[in-house]
Amino acid sequence: MASIPTSSSEPSVADSEYTGLDRSRILAHPQSTTDTPTSPSPAPSLSLSLSSFLTGHPAALSGGLASPSNAVSPSHLSAIASLVAQSFTPRVSIFASNDANEFARDKGFASVVDLFRPFGDVVPGPVVVRDTQGISTTLDDFGIRFTSSALFPSTQTSHQQSPTKIRKEPAAPCFDLQDLDTLLDIYLGKGMRYFVTDLNAPPTALHDDLYYKFLQRLLASPPVSAHESFSHPVAGIIAISSRNPQPIETLSSLYKAGNDAPVPSYMSKDYLRYYVLVHDEDHSDLERSIALFERMKRHFGIHCHMVRLRSVKADLSSSEPIALLPPSQWISAAEEIALLKAPPEAAERYIFESDVQNMRAFAHELVVKSVVPFMERCVATWNDQIAASRRGLTGRFFSASRRLLGSNNRGLGSGTAHSATSGNYDPITGSYGFMTAESQMRKLADYAFMLRDWKLAHSTYDLLRKDFLNDKAWKYHAGSQEMAAASLILSGTPLSSKTRADTLEPLLDSATYSYISRCSQPTYALRTILISSELLRSRGGGAADDAARWLMKAISEKLMGNLAHALIIERVSACYSIRKGVGSQGWGNRRRKAAFWQLVAAKEWVSLDKKQHARLILDEAGENVYDALDWTDEPGQLLFELRHSTESMVYDSSIS
């Protein structure tokens with residue numbers, strides 16, 4: 001049964017680092033966790049790892065990253081995997097009553113979604129997930145994404161037509177290129193002090209800081225799409241406050257409204273429902289709220305929670321301990337632009353420590369007791385009932401028959417739109433219905449990916465791509481190959497040169513070609529390349545060379561804006577610089593190639609009037625390679641010209 005969380009005792013959640021705080025010690029990130037519960041946390045160090053960045057520390061971006069002369073460490077490997085895994089997390093839609101949203105506004109938040117959102121980035125405490133073999137894995141960086149129910153693409157459905165009759169419309173891009181370029185311009189305009197967490201960090205680490213900020217924003221807010229279910233809701237929170245005069249009726253009406261909401265034919269409404277009662281600690285009677293919570297459990301089952309929160313707005317004048325609540329780590333580029341342009345006092349939001357503890361307890365219980373078990377049951381059911389039969393001999397015979405019949409139909413020259421496809425894919429809407437085997441298997445693969453069962457995810461994506469190819473469902477086909485490549489690298493499978501050439505490269509090549517040429521979705525092609533190249537770079541060796549080559553493809557295809565173009569050219573240098581070489585002479589390193597691509601990147605930055613950043617790159621390239629060569633500093637040489645064009649710039653005092 002669901003327990004009633006209290007503000008005085010939650011031993012199952014690692015939240016004791018928030019105890020004993022006063023106004024002189026305001027927390028910046030209440031959702032991060034530690035393993036030292038007895039004493040207050042020390043002031044943040046200036047040399048923190050990327051894993052700290054992934055768990056929410058705003059100043060932790062430069063430590064632990066590979067320098068040009070060092071190979072990638074295991075901790076860096078896990079950090080890259082964590083960044084990719086956290087970008088594909090379960091979505092939890094929130095259906096809140098008017099009184100619940102009014103409660104959030106009284107606390108200084110725009111809505112219940114705005115209040116809950118930061119606490120889903122990293123769920124406090126370890127989360128144990130089990131794969132289809134019953135093997136348990138403990139995750140310390142598992143998160144969920146709280147979203148508004150208004151994000152459902154119901155606006156595509158008119159009152160005159162049913163969802164199944166909607167014609168295919170131009171799909172939304174995966175991200176906004178202009179917003180990303182604007183955000184990069186703001187970052188660079190703030191000066192490198194904005195990124196520096198270690199004053200002795202080399203320029204390579206500064207580039208890593210900037211690049212990971214860029215990559216996180218690129219992956220933060222993918223739109224709801226038919227070809228992948230990552231943005232489809234896994235669960236729906238139905239929330240009311242203790243102020244509601246008719247709570248049970250309101251919960252029932254919110255459930256009905258969500259269940260009756262018109263959604264596209266590819267989206268299922270069979271997601272988990274979770275009922276939340278927000279108790280007003282300042283103006284509501286606790287005994288009445290407890291009695292109401294018991295009624296909720298009797299009516300709606302065990303997936304219920306009561307969270308106790310103060311309704312008054314916390315600020316620096318409050319007499320009780322408070323915490324500074326940052327925005328979610330996974331806000332979109334447009335949202336961060338608005339925050340960076342807003343006055344500092346407008347972006348600061350405070351919350352009481354007791355609220356922090358209770359919200360962390362709520363997020364932990366939601367994930368551990370409801371969301372993860374629900375996803376595990378779905379994976380087991382779909383795997384046993386659908387995928388297992390497709391992997392057997394009968395399933396292979398069925399797939400071969402479909403391909404044969406499909407080719408026969410095409411030979412007949414039928415004039416219908418479905419003649420070249422199976423009966424499940426609808427080329428008019430460009431999607432499969434949510435009850436089709438292909439749609440459910442895609443959800444199986446996506447759920448396995450979100451639960452980090454990489455091998456099951458890869459085998460399912462690999463099985464699906466053949467069906468999508470036969471149906472000419474090109475966006476589905478590209479998406480399955482994109483995620484098959486990512487899950488293959490994340491699974492830890494040894495990537496020999498033969499494996500990369502025979503398995504990985506065809507997946508990436510076909511995915512990018514389909515996204516660009518067949519689907520007119522270059523942003524998804526860019527996502528494919530950036531994710532896979534970063535994962536390949538983390539493997540080092542020849543895989544890092546492949547990563548650089550794929551980034552060059554993104555550059556040649558002109559898939560990004562001007563500033564992002566320069567940043568990715570610089571990332572090519574980072575891929576080459578990670579090669580350590582063999583022996584005392586470092587045979588096989590890519591030091592000169594890395595320096596050359598730094599010059600190319602510096603030339604781009606100078607043309608974009610980002611001379612300070614260009615000068616940092618030039619200085620590192622000179623120190624690593626070119627300062628030892630006399631001819632490179634002669635008039636007419638590229639290095640000389642670039643240094644001459646940047647020598648009049650004023651250095652950022654924090655760097656110089």
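Residues numbered from 1 in each chain as written. Predicted model: local features only at pLDDT ≥ 70, side-chain atom pairs only at ≥ 80, totals over all residues. Heavy atoms only, no water.

**Some remarks on the overall build of the protein**
Inference 1: Helix and strand content of the protein: 22 helices and 11 strands.
Inference 2: Residues classed as buried in the protein amount to 55% of the 656 residues present.
Inference 3: Within the protein, contacts between residues separated by at least 24 positions form 76% of all contacts whose residues are at least 6 apart in sequence.
Inference 4: Accessible surface, the protein: about 27,600 Å² in total, of which carbon and sulfur atoms supply 53%. (Helix = DSSP H or I, 4+ residues; strand = E, 2+ residues; numbered from the N terminus. Buried < 20%, exposed > 50% of the residue type's maximum accessible area, 1.4 Å probe, protein only. Contact = heavy atoms within 4.5 Å. Areas by Shrake-Rupley, 256 points an atom, 1.4 Å probe, with all protein chains shown as cover.)

**Some remarks on helix α20 (residues 591-607)**
Inference 1: The end-to-end C-alpha distance of α20, which contains 17 residues, comes to 25 Å, matching closely the 24 Å that a straight helix rising 1.5 Å per residue would cover.
Inference 2: For α20, the full list of buried residues reads Ala-594, Ala-595, Trp-597, Gln-598, Leu-599, Ala-601, Ala-602, Trp-605 and Val-606.
Inference 3: Elements in contact with the buried residues of α20: α5 (177-189), α18 (542-556), α19 (562-577), α21 (611-624) and α22 (638-646).
Inference 4: Positive backbone phi, at 65 degrees, marks Asp-609, one or two positions downstream of α20. (Expected span 1.5 Å × (residues − 1).)

**Points about empty space enclosed by the protein**
Inference 1: As enumerated under the stated definition, the model contains 3 cavities of 30 Å³ or more in all.
Inference 2: Approximately 60 Å³ is the volume attributed to the largest cavity.
Inference 3: For the lining of the largest cavity, the element with the most residues is helix α13 (residues 437-450), which contributes 3 residues.
Inference 4: Residues that form the lining of the largest cavity fall into these classes: 3 nonpolar, 3 polar and 3 charged.
Inference 5: Of the voids in this model, the second largest cavity is the one considered here, and its volume is about 40 Å³.
Inference 6: Every residue lining the second largest cavity is listed: Arg-500, Leu-504, Glu-505, Leu-508, Leu-536, Asp-546, Arg-549 and Trp-550.
Inference 7: Those elements that place two or more of their residues in the lining of the second largest cavity are α16 (497-518) and α18.
Inference 8: Here the lining of the second largest cavity gets 4 residues from one element, more than from any other, and that element is α16. (1 Å grid on protein atoms, 1.4 Å probe; cavity = no way out; pocket = protein on both sides within 12 Å on 5 of 7 lines; lining within 4 Å. Points joined across faces, edges and corners; volume = space filled by probe spheres on them. Nonpolar A, V, L, I, M, F, W, Y, C, P; charged D, E, K, R; others polar.)

**Quick notes on the packing of aromatic side chains**
For any two aromatic rings, the description comes down to two numbers: the centre-to-centre distance and the angle of the planes.
Inference 1: Tallying each qualifying case throughout the model produces 19 aromatic pairs.
Inference 2: Aromatic pair Phe-146 and Phe-362: ring centres 6.4 Å apart, planes at 15 degrees, arrangement stacked. Of this pair, Phe-146 sits in strand β4 (residues 145-148) while Phe-362 sits in helix α11 (residues 353-391), and the two are 216 residues apart along the sequence. Note on accessibility: Phe-146 and Phe-362 belong to one class, buried. (Phe/Tyr/Trp six-rings, centres within 6.5 Å; stacked < 30°, edge-to-face > 60°.)

**Comments concerning the packing of α16 against helix α17 (residues 522-539)**
Inference 1: It is the contact of α16 with α17, at a shortest axis distance of 7 Å, that shows an interaxial angle of 155 degrees. The orientation of α16 relative to α17 falls into the category roughly antiparallel. As α16 packs across α17, the resulting crossing turns out to be left-handed. For the pair α16 and α17, contact is made by Arg-500, Leu-504, Leu-508, Ala-511, Thr-512, Tyr-515 and Ile-516 and by Pro-522, Tyr-524, Ala-525, Arg-527, Thr-528, Ile-529, Ser-532 and Leu-536, respectively.
Inference 2: Of the residues belonging to the contact of α16 with α17, the class tally is 10 nonpolar, 3 polar and 2 charged. (Axes fitted to C-alpha atoms, helices over the stretch in contact; angles between N-to-C directions. Parallel < 35°, antiparallel > 145°, perpendicular 65-115°, else oblique. Left-handed = near helix turned anticlockwise from the far one by under 90°.)

**Section: the sheet that holds strand β1 (residues 91-96)**
Strands in a sheet are paired, the pairing made by backbone hydrogen bonds, and the direction either parallel or antiparallel.
Inference 1: Sheet architecture is open: 5 strands sit in the order β4-β1-β5-β6-β7, paired in parallel fashion. At either end of the open sheet lies a strand with only one pairing partner, and these are β4 and β7 (304-309). Sheet twist, expressed as the mean angle between neighbouring strand axes with direction ignored, is 30 degrees.
Inference 2: Here strand β6 (residues 272-280) runs beside β7; their pairing, made up of 6 bridges, is parallel. Opposite His-279, over in β7, you have Arg-308 as the bridge partner.
Inference 3: Of the strands in this sheet, β6 and β7 touch helix α8 (residues 286-300), which is tilted by about 160 degrees from β7. (Pairing = 2+ DSSP bridges.)

**Things to note about the confidence of the model for the protein**
Inference 1: When pLDDT is averaged along the protein, the result is 80, and 76% of the positions lie at 70 or above.
Inference 2: Scored below 50 in pLDDT, residues 1-77 makes 178 contacts in the model with residues more than four places away or belonging to other chains. (pLDDT = per-residue confidence, 0-100.)

**With respect to the packing of α17 against α19**
Inference 1: With their axes 11 Å apart at the nearest point, α17 and α19 run at an angle of 25 degrees to one another. Judged by the angle between their axes, α17 and α19 are roughly parallel. When the axes of α17 and α19 are compared, the crossing they make is left-handed. Contacts between α17 and α19 involve Leu-526, Leu-530, Glu-534 and Arg-537 on the former and, on the latter, Ile-568, Arg-571, Ala-574 and Cys-575.
Inference 2: In terms of residue class, the contact of α17 with α19 is built from 5 nonpolar, no polar and 3 charged.

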